[in-house]
Amino acid sequence: LMYDYEKNGVIHGDLKIDHLDVIIDPVSFGMWVKILDHGLSFHLNDIPTMKKIRKDSSPGTPLYMSLNVLSGNLFTIEDDWYAAAVCIGLLLGDSY
């Protein structure tokens, strides 16, 4: 998340378990999480388009949305981190 945000100015906007893939490195046995499906991603320079999308529809998956987004505000990197925390909670077996 932070790499895409800091390096490319990209916010995912629809992070959820279905959009994550765990990759195991056979050499080091380390694990990597790859983020898939950037269909709702947007660049920070494209805020006018995102405002229009938010006005015309409600993109994303409500279960993973923060109160900020559910209130009709634009996605921020903090909202992506909120969705990541929900994913971790669900993967660890807690209920949301």
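Since the structure is predicted, the reported quantities are computational estimates derived from the model, not experimental observations.

Parameters and conventions
Residues numbered from 1 in each chain as written. Predicted model: local features only at pLDDT ≥ 70, side-chain atom pairs only at ≥ 80, totals over all residues. Heavy atoms only, no water. Helix = DSSP H or I, 4+ residues; strand = E, 2+ residues; numbered from the N terminus. Polar contact = N/O pair within 3.5 Å; in protein donor to acceptor, adjacent residues only side chain to side chain. Contact = heavy atoms within 4.5 Å. Buried < 20%, exposed > 50% of the residue type's maximum accessible area, 1.4 Å probe, protein only. Core = buried A, V, L, I, M, F, W, Y, C linked by side-chain atoms within 4.5 Å. pLDDT = per-residue confidence, 0-100.

Some words on the side chain of His12
Next, step 1: As for its position among the elements, His12 is in the loop between strand E1 (10–11) and strand E2 (20–24).
Next, step 2: Only 3.2 Å separates the side chain of His12 from the backbone oxygen of Leu36, close enough to count as a polar contact.
Next, step 3: Ignoring anything within four residues of it in the chain, the contact list for His12 reads His19, Ile35, Leu36, Asp37, His38, Leu40, Ser41 and Asp80.

Thoughts on unusual backbone geometry
Next, step 1: Even without being a glycine, Phe29 presents a positive backbone phi close to 60°.
Next, step 2: Secondary-structure assignment places Phe29 in the loop between E2 and strand E3 (31–35).
Next, step 3: Given the relative accessible area of 66%, Phe29 is considered exposed.

Re the nonpolar core
Next, step 1: Core analysis: the largest hydrophobic core is formed by 6 residues, namely Leu15, Tyr64, Ala83, Ala84, Val86 and Cys87.
Next, step 2: Excluding residues that lie within four positions of it along the chain, Ala84 makes contacts with Leu1 and Leu15.
Next, step 3: One finds Ile11, Phe42, Met65 and Val69 within the second-largest nonpolar core, a separate group that totals 5 residues.

Considering the confidence of the model for the chain
Next, step 1: The predicted model of the chain averages 81 in pLDDT, with 84% of residues at 70 or higher.
Next, step 2: Looking across the chain, the model is least confident in helix H2 (residues 47–56), with a mean pLDDT of 60, and most confident in helix H4 (residues 77–91), with 90.

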